[in-house]
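Remarks on the overall topology
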Amino acid sequence: MTPPRLGLYLHIPFCLQRCDFCAFYLEILRDGRAETFVQSLIHEIALSAQQHVAANRPVQSVYFGGGTPTVLAARQLTAILSEIRAHLTLAANCEITVEAHPSTISVQDLGQLLQAGVTRMSFGAESMEDGDLSRIGRPGAVHETVTAVTRARAAGFTNINLDLMYGLPSQRLESWQRTLAHCLMLEPTHLSCYALTVEEDTRLASNIQRRRSPAPDEGLQIEMDETAQRMLGDAGYERYEVSNYAKPGYACRHNLLYWTNGEYLGLGPSAQSYLDGTRFGNVADLAAYDTSLAANRLPIEDRTRLSEEEQLRDAVIFGLRLIQGIPTHHLHQHASNYGHAAITAQLLAQQLIEEDGERSRLSTRGLLQADTIAEQLY
Ligand code: SF4
């Protein structure tokens, strides 16, 4: 029997500074901390391989996220990758992604990453207008994104993603259209377009509360979402998930695992895992993480075994984010398990969810309300 698909996520918890909207677990990089962390992560890879993953189970995707993975030196990232190869089996066509802030990557770094087997670079562009970047406290400039993409392509990368955000403070529809048009000129294979959300305890939330920054305008965000769908669709990108667009054949295999209830092992502080019907997460504290591994203990903080009903619930909630939707009988079984028959019938009657017999999926209008629908069906 073919073993179930498995992905590996590495959380690199450092950034040079915190963007105003960001609520991820991270530390501002200081001297000496990176090398200690790399040694801890290398130890965690070896320990986890012994305890969690059958040796014959190939890893189909590896994803370096964060934080900003490229604040580590390329030699540190490639050392981590070597350790992964030493303890786990990577599938022959394994997708290996590195997220990068455009201002933190040189030609030499890109060459080393490609040489080490990285197949996909993902640059956090966020906007192609410098004014937008400064209004969200995002370091860096648009010309650095252009340079990073040009260098990645010159180094030999053929699979390049750009992350974008829309609904930024004072951003207008026209400037979002300019951002999309500028990105299209760079010809990435993949684009992620996320609506700005205001997370608690961020500088953005405080700026909005003190009226130093306008709150996101939901109506405008919907127009921006529709604009992205139209412009990217016209340019040959296929929308395959609420926020993700790809040229044919370039959907992100690692992220697809999350939306199709695949299994993944997350390493690094705060990283989450889902294996054998159990969700577990690492401690979100770098010092505690290092201490645990120095004592030869995995830094796992909480562990929840999901019942069959909970596994189906998650498959429905995540799967509805995909344009291809989910098997119709999963939706109705979940509705019956959780007493959601009435709300499901209502979503169908409002044509926010569509069914074609075999599959159920969010309609075009439903995609604009994906988060609200997920909350209703949880
Ligand atoms: S670079 Fe990314 S992870 Fe780092 S603070 Fe900004 S948004 Fe957060």
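Once that is clear, we can look at the sheet that holds strand S15 (residues 326-327). Spatially, the three strands line up as an open sheet ordered S15-S17-S16, and their pairing is antiparallel. Edge strands, defined here as strands with exactly one partner in the open sheet, are S15 and strand S16 (353-355). Across two bridges, S15 lies against strand S17 (residues 359-362) in antiparallel orientation. Directly across from Ile326, in S17, lies its bridge partner Ser360.

Below, the discussion takes up the environment of Arg85. Here Arg85 is to be found in helix H2 (residues 74-87). Here the alpha-carbon distance between Arg85 and Arg212, two residues 127 residues apart in the chain, equals 49 Å. Among the polar contacts listed, one links the side chain of Arg85 to the backbone oxygen of Ala116, at a separation of 2.8 Å.

Residues in close proximity to the ligand include Cys15, Gln17, Arg18, Cys19, Phe21, Cys22, Phe24, Leu26, Gly67, Thr68 and Arg138, which together make up its full environment. Taken together, the residues of the shell around the ligand sort by class into six nonpolar, three polar and two charged.

To continue, consider the nonpolar core. By size, the foremost hydrophobic cluster in this structure holds 69 residues, and its most contacted members are Val62, Phe64, Ile84, Met121 and Phe123. Here the element with the most residues in this core is helix H1 (residues 33-51); it accounts for eight residues. Discounting chain neighbours no more than four positions away, the residues touching Ile84 are Leu8, Leu10, Ile45, Val62 and Leu90. Counting 16 residues, the second largest nonpolar core, distinct from the first, contains Ile343, Leu352, Ile353 and Leu362.

Criteria and cut-off values
Residues numbered from 1 in each chain as written. Predicted model: local features only at pLDDT ≥ 70, side-chain atom pairs only at ≥ 80, totals over all residues. Heavy atoms only, no water. Pairing = 2+ DSSP bridges. Helix = DSSP H or I, 4+ residues; strand = E, 2+ residues; numbered from the N terminus. Polar contact = N/O pair within 3.5 Å; in protein donor to acceptor, adjacent residues only side chain to side chain. Near = heavy atom within 4 Å. Nonpolar A, V, L, I, M, F, W, Y, C, P; charged D, E, K, R; others polar. Core = buried A, V, L, I, M, F, W, Y, C linked by side-chain atoms within 4.5 Å. Buried < 20%, exposed > 50% of the residue type's maximum accessible area, 1.4 Å probe, protein only. Contact = heavy atoms within 4.5 Å.

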